[in-house]
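Inside the fold
Chain residues, written in single-letter form:
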Amino acid sequence: MTGLVGNANPGYVDVVCVDYRTPDEALGALSLTGEEPGVVAHRILVRVEPSAGPPPRRLEVLDMERNLGFAHAANRGATRGNAPWILFLNPDCFPSSGD
């Protein structure tokens, strides 16, 4: 894969999750996206109302300065990755393997 910039890992999909007052749910949903090499390039948590907690390992956190809505936050998160595909993951969705 060519054209990677910044600290992104080669992969097929960036995962963007917008957190608005649901930090446990957002982190739980992101933790289920896995870290298979070559699949997930970058996991980005966009916090609309930043919490004081430190960012989790292997996860980029983008704190918004003010609340401009879900779509704005999701689009800002999308600009942080550079995989060919983006998964916008709602914090109340929990991906499974399908088993």
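Quantities reported herein were computed from a predicted structural model and do not represent experimental measurements.

1. Observations regarding the pattern of salt bridges
All chains considered together, the criterion is met by three salt bridges. Between Glu49 and Arg21 there is a salt bridge, with its nearest N and O atoms 3.1 Å apart. Residue Glu49 is located in the loop between β2 (40-47) and β3 (60-63), and its partner Arg21 is located in the loop between β1 (13-19) and α1 (23-31); the two are separated by 28 residues in the primary sequence. For Arg21, a relative accessible area of 58% corresponds to the exposed category. In this structure, the salt-bridge partner of Arg47 is Asp63, at a minimum N-O distance of 2.6 Å. Of this pair, Arg47 sits in strand β2 while Asp63 sits in strand β3; the two residues are 16 residues apart in sequence, bridging distant segments of the chain. Of the residues examined, Arg47 reaches a relative accessible area of 8% and is grouped as buried.

2. Overview of the nonpolar core
Formed by Val13, Val15, Cys17, Ala26, Ala29, Leu30, Val40, Leu45, Leu59 and Leu89, the largest nonpolar core amounts to 10 residues. Beyond its immediate stretch of four places on either side in the chain, Val13 contacts Val39, Val40, Ala41, His42, Ala83, Trp85, Ile86 and Leu87. Ranked by size, the runner-up nonpolar core spans nine residues in total, among them Val18, Val46, Val48 and Met64.

3. Re helix α2 (residues 70-78)
Considered for burial, the residues of α2 that qualify are Ala73, Ala74, Gly77 and Ala78. Down the axis, α2 shows its buried residues gathered within 140° of arc, on one side only. Structurally, α2 contributes buried residues whose contacts are with β1, β2, β3 and β4 (85-88).

4. Considerations on the confidence of the model for the protein
When the pLDDT values of the protein are averaged, the result is 80; 80% of them are 70 or greater. Put simply, β2 is where the protein has its lowest mean pLDDT, 84, and α2 is where it has its highest, 94. Here residues 1-8 scores under 50 on pLDDT; set against residues more than four positions off or in separate chains, the count is 10 contacts.

5. Thoughts on the state of the cysteines
Taken as a whole and assessed by the stated rule, the structure comprises zero disulfides. Here Cys17 is not disulfide-linked; the sulfur of Cys93 is the nearest cysteine sulfur, at 8.8 Å. On the basis of relative accessibility, which here comes to 0%, the residue Cys17 falls in the buried class.

6. A closer look at the sheet that holds β3
Read across the open sheet, the four strands follow the order β3-β2-β1-β4; overall the sheet is parallel. Where the open sheet ends on each side, the last strands, each with one partner, are β3 and β4. Sheet twist, expressed as the mean angle between neighbouring strand axes with direction ignored, is 25°. Sheet strands in contact with α1 are β1 and β2, and its direction is about 175° off that of β2.

Cut-offs and rules
- Residues numbered from 1 in each chain as written.
- Predicted model: local features only at pLDDT ≥ 70, side-chain atom pairs only at ≥ 80, totals over all residues.
- Heavy atoms only, no water.
- Salt bridge = Lys/Arg side-chain N within 4 Å of Asp/Glu carboxyl O.
- Helix = DSSP H or I, 4+ residues; strand = E, 2+ residues; numbered from the N terminus.
- Buried < 20%, exposed > 50% of the residue type's maximum accessible area, 1.4 Å probe, protein only.
- Core = buried A, V, L, I, M, F, W, Y, C linked by side-chain atoms within 4.5 Å.
- Contact = heavy atoms within 4.5 Å.
- Arc of directions from axis to C-beta.
- pLDDT = per-residue confidence, 0-100.
- Disulfide = S-S within 2.5 Å.
- Pairing = 2+ DSSP bridges.
- Axes fitted to C-alpha atoms, helices over the stretch in contact; angles between N-to-C directions.

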